[in-house]
Amino acid sequence: EAGVTQFPSHSVIEKGQTVTLRCDPISGHDNLYWYRRVMGKEIKFLLHFVKESKQDESGMPNNRFLAERTGGTYSTLKVQPAELEDSGVYFCASSQLTGFSYNEQFFGPGTRLTVL
Amino acid sequence: AQKVTQAQTEISVVEKEDVTLDCVYETRDTTYYLFWYKQPPSGELVFLIRRNSFDEQNEISGRYSWNFQKSTSSFNFTITASQVVDSAVYFCALAYGNNRLAFGKGNQVVVIP
């Protein structure tokens with residue numbers, strides 16, 4: 001069974017440009033999460049999808065970040081325009097949707113974003 | 001607010017030594033779940049264990065063991081007889097809300113052969 005995949009693995013862009021990160025969850029996982037780790041800091045929650053609906057986007061830093069999950073399969077996270085402080089590693093995770101709220105999340109390898 | 005503290009940043013041990021990673025958490029919830037994840041050089045976080053707040057039994061899985069003490073809000077992780085393959089970053093996390101995870105900063109474990 002394929003794990004969570006993320007694309008690209010690395011992205012280097014200049015301030016003001018746009019970048020789109022993609023996450024493919026494990027097949028059949030309706031929960032999809034985005035997290036971010038800025039250098040030297042903790043991994044922080046960004047948002048949570050249940051199927052195609054945003055369940056919780058309280059962790060999104062500002063309106064330069066837009067996440068979508070059309071059709072409830074893969075998800076994209078767009079940063080427009082990118083700023084220096086957006087640099088970090090963006091992780092995607094997925095989990096099964098069951099009656100139990102705290103299923104383990106399966107993480108992808110992350111996308112390392114560098115904004116120059 | 002939910003908070004997880006992993007005080008040690010990098011820990012180096014010689015192969016076959018034991019290593020203990022400390023995790024202290026803060027939460028106002030009476031029911032909560034704690035997790036440990038391992039991040040090998042490949043980058044993905046690998047799930048190791050989940051523990052709920054009502055189960056204070058220690059757990060052992062091979063060379064890994066976990067000590068959960070609710071009285072001190074700690075969920076410590078020990079690797080016994082460390083091996084080079086154990087070199088990784090280990091994260092402690094607390095689940096809250098709709099299974100959002102609050103992570104500690106992680107412990108970089110370096111096992112020296």
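Anything mentioned here points back to the structure above.
Since we're looking at a predicted model, the values are computed, not measured.

(A) Seen up close, the sheet that holds strand β1 (residues 5-7) of chain A. Residue and element names in this part refer to chain A. The four strands lie next to each other as β1-β3-β8-β7, forming an open sheet whose pairing is antiparallel. Every other strand in the sheet has two partners, leaving β1 and β7 (65-68) as the edge strands with one partner each. Across the sheet, the axes of successive neighbouring strands diverge by a mean angle of 15 degrees, strand direction being ignored. Sheet topology note: the strand β3 (residues 19-24)/strand β8 (residues 75-79) ladder contains five bridges and is antiparallel. Bridging across to β8, Leu21 finds its partner in Leu77.

(B) Spotlight on the packing of aromatic side chains. A complete count under the given rule lists 22 aromatic pairs over all chains for this structure. Judged by centre distance (5.2 Å) and plane angle (50 degrees), the rings of Trp36(B) and Phe77(B) are tilted. One end of the pair, Trp36(B), is in strand β5 (residues 33-39); the other, Phe77(B), is in strand β9 (residues 74-79), with 41 residues separating them in the sequence. Here the two residues Trp36(B) and Phe77(B) agree in accessibility, since each one is buried. Taken together, the ring pairs connect Tyr33(A), Tyr35(A), Phe45(A), Phe91(A), Phe107(A), Phe35(B), Tyr37(B), Phe47(B), Phe91(B) and Phe103(B) into an aromatic cluster. Sitting over the ring of Tyr74(A), Arg22(A) keeps its end group 3.7 Å from the ring centre.

(C) Summary view of the pairing of β5(B). Residue and element names in this part refer to chain B. With seven of its seven residues buried, β5 lies for the most part within the structure. By the alternation rule, side chains of β5 split into Tyr33, Phe35, Tyr37 and Gln39 and Leu34, Trp36 and Lys38, which are all buried. Direction of pairing for β5 relative to strand β6 (residues 46-52): antiparallel, over a ladder of six bridges. Looking across to β6, one finds that Trp36 is bridged to Ile49. Joining the antiparallel neighbours β5 and β6 is a turn of six residues, in which Gly43 adopts a positive phi near 105 degrees. As defined by bridge partners, β5 adjoins strand β10 (residues 88-96) across seven bridges and the pair is classed as antiparallel. Note on β10: the bridge partner recorded for Phe35 is Ala93.

Calculation rules
Residues numbered from 1 in each chain as written. Chains lettered and ligands numbered in written order. Predicted model: local features only at pLDDT ≥ 70, side-chain atom pairs only at ≥ 80, totals over all residues. Heavy atoms only, no water. Pairing = 2+ DSSP bridges. Helix = DSSP H or I, 4+ residues; strand = E, 2+ residues; numbered from the N terminus. Axes fitted to C-alpha atoms, helices over the stretch in contact; angles between N-to-C directions. Phe/Tyr/Trp six-rings, centres within 6.5 Å; stacked < 30°, edge-to-face > 60°. Buried < 20%, exposed > 50% of the residue type's maximum accessible area, 1.4 Å probe, protein only. Lys NZ or Arg CZ within 6 Å of the ring centre and 35° of its normal.

Honestly, it's all geometry; don't read function into it.
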